[in-house]
Amino acid sequence: MSQPKITAYLKTYCGWSEGVRAIFRKYNLPFEEKDIIKNPAFRWEMEQKSGQPLSPCVEINDTMLPDISGEEVERWMLDNNLLEQNDAEPDAPINSSCTDEQHAAMAKQSGAVKFIA
């Protein structure tokens, strides 16, 4: 099975984005990460390609999967025979946003990030 070409438009700190990363780690899949927070040009590129502003968006072999969770990425790749089932547990939740505790920890760690409820 050949390696798919993957570009992931993700946020620096985001439960949904980390879920996508967790799937790529679970399957040891190489991917190009485009951080839409650190580089606004990547956000513009994502919006142009996906036709909408929500992230994460993942492009696999020229197919754009907009506003998608890690769980949905895994299912799509399995359904399209790009992966063989792997029963290992992902190292992060693959279908959830960050908890308030995660937001607080990230804000404390970076010092510059402020999350508004």
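See the structure above.
Residues numbered from 1 in each chain as written. Predicted model: local features only at pLDDT ≥ 70, side-chain atom pairs only at ≥ 80, totals over all residues. Heavy atoms only, no water.

(A) Focus on the side chain of T7. For T7, the position within the fold is in strand β1 (residues 6-10). Take T7: its relative accessible area is 5%, and that puts it in the buried class. (Helix = DSSP H or I, 4+ residues; strand = E, 2+ residues; numbered from the N terminus. Buried < 20%, exposed > 50% of the residue type's maximum accessible area, 1.4 Å probe, protein only.)

(B) Structural context of the environment of A8. By the element assignment, A8 lies in strand β1. Exposure remark for A8: the relative accessible area of 0% places this residue in the buried category. As a C-alpha pair, A8 and R21 span 13 residues in sequence and 8.7 Å in three-dimensional space. Ignoring any residue separated from it by four or fewer positions in sequence, one finds A8 in contact with F24, F31, E32, E33, K34, C57 and V58. (Contact = heavy atoms within 4.5 Å.)

(C) Geometry of the environment of L10. Following the sequence through the fold, L10 ends up in strand β1. Remark: the alpha-carbon pair of L10 and L54, spanning 44 residues in sequence, is separated by 9.9 Å. In this structure, L10 is in contact with S17, V20, R21, F31, E33, K34, D35, I36, I37 and P56, ignoring residues within four places of it in sequence.

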